[in-house]
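# Structural characterization, general
Now for the letters of each chain:
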Amino acid sequence: MKRTSPLLLAALVASLAMIAACLPPATSAGGPLDSGPPPEPGTDLPGLGSASAPTADAVIGRIRNTLIGVDPLAGNFAKAIAQVKPNLPQMTNPVQATGLDQIPLLVYAACTDAKLASYNVPTTGTISANSAPLVAAGMKMLDAGLAGVASQGASSGDFQAALQALVSTLAADKATTQTMTTSFIAVCMASTTAAVSMVGY
């Protein structure tokens, strides 16, 4: 039985992450997180500013903020947190941080808890007929995770094209039975992983 290639889905997630990484970093209104003395000019600051990697708590918070109705204390998301959290990055220094590869596992669990109705995606019908709601759901997730710049920024067309390509691939897959639920989870994983995996904010 032929299945949708995991490499294709991984490539889509990677392309969404690259698009998201090209967006200007969000700035904190409160200033830097470290209130220590300012560094000497020209000093490298691994793990600060645009070079920061998200820690375990930041990853969980980003997923919670990106997905409507997903609770880190309930459902599959909570179960996955209990298993995966120790493997997620514990430091913001991107050179030393390990565990970023665990983010998609946590995102998958959270996406299985997300409700299609929260994103106005029907549970019945064909994927082709419902491609617009699926793409809109992905954009809504990206906007929630990226403070609205996914649909309003210069890369908006790129985000939409990547999501449309994913939905078209799912609709064309005749070897496996893709449902609206499995297609929604695929869109959710691509969008949320791209938003959550960004470094620098």
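The rules behind the values
Residues numbered from 1 in each chain as written. Predicted model: local features only at pLDDT ≥ 70, side-chain atom pairs only at ≥ 80, totals over all residues. Heavy atoms only, no water. Helix = DSSP H or I, 4+ residues; strand = E, 2+ residues; numbered from the N terminus. Buried < 20%, exposed > 50% of the residue type's maximum accessible area, 1.4 Å probe, protein only. Contact = heavy atoms within 4.5 Å. Areas by Shrake-Rupley, 256 points an atom, 1.4 Å probe, with all protein chains shown as cover. Salt bridge = Lys/Arg side-chain N within 4 Å of Asp/Glu carboxyl O. Polar contact = N/O pair within 3.5 Å; in protein donor to acceptor, adjacent residues only side chain to side chain. pLDDT = per-residue confidence, 0-100. Disulfide = S-S within 2.5 Å. Core = buried A, V, L, I, M, F, W, Y, C linked by side-chain atoms within 4.5 Å. Expected span 1.5 Å × (residues − 1). Axes fitted to C-alpha atoms, helices over the stretch in contact; angles between N-to-C directions. Parallel < 35°, antiparallel > 145°, perpendicular 65-115°, else oblique. Left-handed = near helix turned anticlockwise from the far one by under 90°.

## Some points on the overall build of the chain
The number of helices and strands found in the chain is eight helices and zero strands. When the elements of the chain are put in sequence order from the N terminus, they spell out α-α-α-α-α-α-α-α. Residues classed as buried in the chain amount to 42% of the 201 residues present. Long-range pairs, those at least 24 residues apart, make up 75% of the contacts in the chain between residues at least 6 apart in sequence. Just so you have it, the chain exposes about 10,600 Å², and 60% of that area is on carbon and sulfur atoms.

## Describing the pattern of salt bridges
Inspection of the entire model under this criterion finds one salt bridge. One salt bridge in this structure joins lysine 85 and aspartate 57, with 2.9 Å as the shortest N-O distance. Of this pair, lysine 85 sits in the loop between helix 3 (75–84) and helix 4 (103–113) while aspartate 57 sits in helix 2 (residues 56–66), and the two are 28 residues apart along the sequence. Residue classification places lysine 85 among the partly exposed residues on the basis of a relative accessible area of 33%.

## Side note on the environment of leucine 146
Along the chain, leucine 146 turns up in the loop between helix 5 (131–145) and helix 6 (149–152). With 81 residues separating them along the chain, leucine 146 and asparagine 65 place their C-alpha atoms 9.8 Å apart.

## Thoughts on the side chain of aspartate 173
Secondary-structure assignment places aspartate 173 in the loop between helix 7 (156–172) and helix 8 (180–196). Polar side-chain contacts of aspartate 173 include one of 3.3 Å to the side chain of glutamine 178.

## Digging into the side chain of threonine 66
Position of threonine 66 among the secondary structure elements: in helix 2. Classification of threonine 66 by relative accessible area gives buried; the value is 3%. Polar side-chain contacts of threonine 66 include one of 2.7 Å to the backbone oxygen of arginine 62. The residues touching threonine 66, leaving out its near neighbours within four places in the chain, are Tyr119, Met141, Ala144, Gly145, Thr192, Ala195 and Val196.

## Focus: the confidence of the model for the chain
Per-residue pLDDT for the chain averages 79, and the proportion of residues at 70 or more is 73%. Here residues 18–35 scores under 50 on pLDDT; set against residues more than four positions off or in separate chains, the count is 14 contacts.

## Side note on the state of the cysteines
On inspection of all chains with the given rule, the structure shows one disulfide. In this model, cysteine 111 is linked to cysteine 188 through a disulfide, with the two sulfur atoms separated by 2.0 Å. Across the disulfide from cysteine 111 to cysteine 188, rotation about the S-S bond amounts to roughly -80°, and the bridge is consequently left-handed. Of this pair, cysteine 111 sits in helix 4 while cysteine 188 sits in helix 8; the two residues are 77 residues apart in sequence, bridging distant segments of the chain. Each member of the pair, cysteine 111 together with cysteine 188, is buried.

## Considerations on the nonpolar core
Grouped together as the largest cluster of nonpolar side chains are 47 residues, with contacts concentrated most on Ile63, Leu67, Leu106, Leu142 and Phe184. Of all elements in the fold, only helix 2, helix 3, helix 4, helix 5, helix 7 and helix 8 reach the threshold of two or more residues within this core. With 10 residues, helix 8 is the single largest residue contributor to this core. Discounting chain neighbours no more than four positions away, the residues touching leucine 106 are Val59, Ile60, Ile63, Phe77, Ala80, Ile81 and Leu88.

## Quick word on helix 7
Between its first and last C-alpha atoms helix 7 spans 24 Å; for 17 residues at 1.5 Å apiece the expected length is 24 Å, and the two agree. Ser156, Phe159, Ala162, Leu163, Leu166, Val167, Leu170 and Ala171 are the residues of helix 7 that are buried.

## What about the packing of helix 7 against helix 8?
Remark: helix 7 packs on helix 8, axes separated minimally by 10 Å, with the N-to-C direction vectors making an angle of 150°. When the axes of helix 7 and helix 8 are compared, the pair comes out roughly antiparallel. Two packed elements cross with a definite hand, and for helix 7 against helix 8 that hand is right-handed. Side by side, helix 7 and helix 8 meet where Leu163, Leu166, Val167 and Leu170 of the first sit next to Ser183, Ala186, Val187, Ala190 and Ser191 of the second.

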